[in-house]
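# Secondary and tertiary structure notes
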Amino acid sequence: MIFERLYDHQLAQASYLIGCAATGEAIVVDPNRDLDQYFAAAERAGLRISAVTETHIHADFLSGARELARCAGAELLLSDCGDKDWKYGYAAADGARLLHDGDTFKVGKIAFQALHTPGHTPEHLSFIVTDTAASPEPMGILSGDFVFCGDVGRPDLLEKAAKVAGSADSAARTLWKSLDRFRALPDHLQLWPGHGAGSACGKGMSAVPQSTVGYEKRVNWAFQVQDEATFIRNVLAGQVEPPRYFATMKRLNRDGPRPLPDPGPLPQLSPSQLGAGRSAVLIDLRPTAVFAAGHVPGAVNIPWNRSFTGRAGTFLPYDRDLALILASTDGAELQGVRGALGSIGLDRVVGWWPADAVGRWAATGGQPELVSQVSAVGVPAGAVIVDVRSGAEWDAGHIRGARHIPMEELADRVDELPTDRPIVLQCQTGGRSSVAASVLLARGVPKVVNLVGGFTGWVAAGLPVEN
């Protein structure tokens, strides 16, 4: 058996190429839209992609399964389990093979058995993998978003992201029952999950790439809980707010994800095009401190770092063109940014500027905007402090009298903010709140201020907190 894990660090997402050396056939599990990486991995191993599948309808990235199967001339295998409202709408049109609990199939001499493991999503499948050329005993499980290293898949996404009211509690109960199937698996099985640390599909994943069933039974918190009520309470508590784009991904991945457009060359724009009259949404990828010191009015600051994709999906529209101000002149950055945006279906990028374009625009008469900064002891009287951290962070301690609007919800709750008083945005240390400040400024909210040092600085100054 040939096995390769392909990992997207922006999404903290794993997909897998599993092939049979004897027959040259391979399957790809949970592919994203970057199809070239799968063809390249197959070519390196002397394999042909003959099958494509995925564990469930994803919320955090746009699936590449449909397009990869088409481009490779491969069989597409999809779950037919679960709720009627969450079945693959394109399966029949694409001639996909529908899988049910207990179904088996082979790729060369590699055998796969589908296990229906709902809870994270109603249709979720895991796959037991057996290298029959070596042994009739299974060797591992592709667990998708069912069981992670150190955690389990969150059961609240249909309610929080797709707005299926009241579904979180019942999904948690379903997940509890699914864990019984995991407990019954042999301890020696390797565990190959769909995500690692940093994914919003769970809350406490390990950074290690794989584990074993036996190890997870011993150390994963979910298997230490002895009763259903405690599990439900614990699995729903402390989950971060999902990025806004998750709802769009669920719908597109269910109904039929579109192929990634031909990337082609992207034009470099002139500094004069930064001025008034532009129609595209302007994304400034420079660090928050650089952005705060002077930026083009109307730009949204989403720094190019490991948090970029989630924040882009939270703050950027799908129905408008996008233009980029890069953080450097590195060509690899432009390629990486386009790939990250494309991974969640933000395909309408029309051009870019190098990092020094803002300075050159200002030198020819452009009027940069600043993000006002204030220390904990300098918060103006009458200001409204808005805490943009997660619910778990807020519960652990917050500034007395602050309002809590998680950053993921900010764009939808702008109308809750007063316009006659300063709005002081605050996170843990000042980074996220600076991004949030750019969003409000771009929306025309006046008197926006960033709290330098965030909650940490407030506590250090000895100012009042509550929890």
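Residues numbered from 1 in each chain as written. Predicted model: local features only at pLDDT ≥ 70, side-chain atom pairs only at ≥ 80, totals over all residues. Heavy atoms only, no water.

Looking only at helices and strands, one finds 14 helices and 25 strands in the protein chain. Compactness check: the protein chain gives a C-alpha radius of gyration of 24 Å against a globular reference of 23 Å for 467 residues, within 12% of the reference. The principal-axis extent of the C-alpha atoms belonging to the protein chain is close to 70 × 55 × 35 Å. Going through the 467 residues of the protein chain one by one, you find that 54% of them count as buried. Contacts in the protein chain between residues far apart in sequence, at least 24 positions, make up 67% of those at least 6 positions apart. For the protein chain, the accessible area works out to roughly 18,500 Å², and carbon and sulfur atoms hold 52% of it. Of the charged side chains in the protein chain, 43 are positive and 51 negative, and the gap between their average positions amounts to 3 Å. (Helix = DSSP H or I, 4+ residues; strand = E, 2+ residues; numbered from the N terminus. Rg over C-alpha atoms; globule rule 2.2 N^0.38 Å. Buried < 20%, exposed > 50% of the residue type's maximum accessible area, 1.4 Å probe, protein only. Contact = heavy atoms within 4.5 Å. Areas by Shrake-Rupley, 256 points an atom, 1.4 Å probe, with all protein chains shown as cover. Lys, Arg positive; Asp, Glu negative; His and termini not counted. Charge placed at Lys NZ, Arg CZ, Asp CG, Glu CD.)

Now for the packing of aromatic side chains. One pass over the full model with this rule turns up 11 aromatic pairs. For the ring pair Trp 176 and Phe 231, a centre distance of 5.3 Å and an interplane angle of 40° mean the geometry is tilted. Within this pair, whereas Trp 176 is found in helix H4 (residues 167–183), its partner Phe 231 is found in helix H6 (residues 228–236), the two being separated by 55 residues in sequence. On the accessibility criterion, Phe 231 (0% relative accessible area) is buried. Between Trp 221 and Phe 231, the ring centres sit 5.7 Å apart and the planes meet at 20°, which makes this aromatic pair stacked. Taken together, the residues span a long stretch of sequence, with Trp 221 in the loop between helix H5 (213–219) and H6 and Phe 231 in helix H6 at a distance of 10 residues. (Phe/Tyr/Trp six-rings, centres within 6.5 Å; stacked < 30°, edge-to-face > 60°.)

The residue His 124 is located in the loop between strand S8 (110–116) and strand S9 (125–131) in this model. At 3.0 Å, the side chain of His 124 and the backbone nitrogen of Asp 145 are in polar contact. A polar atom in the side chain of His 124 sits 3.5 Å from the backbone nitrogen of Phe 146. (Polar contact = N/O pair within 3.5 Å; in protein donor to acceptor, adjacent residues only side chain to side chain.)

This part is about the sheet that holds strand S10 (residues 140–144). Taking strand neighbours across the sheet as the criterion, the 6 strands line up as S7-S8-S9-S10-S13-S14 in an open arrangement whose pairing is mixed. Two strands in the sheet have a free side with no partner beyond their single neighbour: strand S7 (104–107) and strand S14 (211–212). (Pairing = 2+ DSSP bridges.)

Here helix H7 (residues 246–255) has its buried residues at Phe 246, Thr 248, Met 249, Lys 250, Leu 252 and Asn 253. The inward-facing, buried residues of H7 contact helix H3 (157–160). Positive backbone phi, approximately 140°, marks Gly 256, located one or two places after H7.

Sheet architecture is open: 5 strands sit in the order S19-S24-S23-S20-S22, paired in parallel fashion. Strand pairing shows two members of the sheet lacking a second neighbour, strand S19 (372–374) and strand S22 (403–404), which therefore form its edges. Where strand S23 (residues 423–426) meets strand S24 (residues 448–451), 3 bridges bridge the pair, whose relative direction is parallel. By the bridge assignment, Ile 423 is partnered in S24 with Val 448.

What follows is about helix H2 (residues 65–72). Inspection of H2 places Ala 65, Glu 67, Leu 68, Ala 69 and Ala 72 among the buried residues, and these make up the whole buried set. Considering only its buried residues, H2 is in contact with strand S3 (25–29), helix H1 (36–44), strand S4 (48–53) and strand S5 (75–79).

The subject of this paragraph is unusual backbone geometry. Backbone geometry places Asp 30, a non-glycine residue, at a positive phi of 60°. Relative to the helices and strands, Asp 30 is located in the loop between S3 and H1. Of note in this structure, Lys 163 is not a glycine but carries a positive phi near 60°.

Mapped onto the elements of the fold, Glu 216 is located in helix H5. Classification of Glu 216 by relative accessible area gives buried; the value is 1%. Sequence-wise, Glu 216 and Asp 8 are 208 residues apart; in three dimensions their C-alpha atoms are separated by 23 Å. Discounting residues that sit within four places of it in the chain, Glu 216 has contacts with Phe 148, Cys 149, Gly 150, Phe 182, Leu 191, Ser 211, Phe 223 and Gln 224. One polar contact links Glu 216 to Ser 211, side chain to side chain, over a distance of 2.7 Å.

Inspection of every chain in the model, using the stated rule, returns 24 salt bridges. Close ionic contact of Lys 84 with Asp 85 constitutes a salt bridge, the shortest N to O distance being 3.4 Å. Residue Lys 84 is classed as exposed on the basis of its relative accessible area of 68%. On the basis of relative accessible area, Asp 85 is assigned to the partly exposed category, the value being 44%. Here Arg 254 and Asp 255 are joined by a salt bridge, their closest N and O atoms 2.8 Å apart. Look at Asp 255 and you get partly exposed, because its relative accessible area is 41%. In the salt-bridge network here, residues are joined through shared partners; they are Asp 169, Arg 173, Lys 177 and Glu 228. (Salt bridge = Lys/Arg side-chain N within 4 Å of Asp/Glu carboxyl O.)

So, about the nonpolar core. In terms of nonpolar packing, the biggest core is built from 66 residues, with Leu 316, Leu 324, Leu 341, Leu 425 and Leu 440 touching the most fellow members. Among the elements that make up this core, the one with the highest residue count is helix H13 (residues 431–442) (6 residues). Among the nonpolar cores identified, the runner-up in size contains 25 residues, and Ala 26, Ala 65, Leu 78 and Ala 96 belong to it. (Core = buried A, V, L, I, M, F, W, Y, C linked by side-chain atoms within 4.5 Å.)

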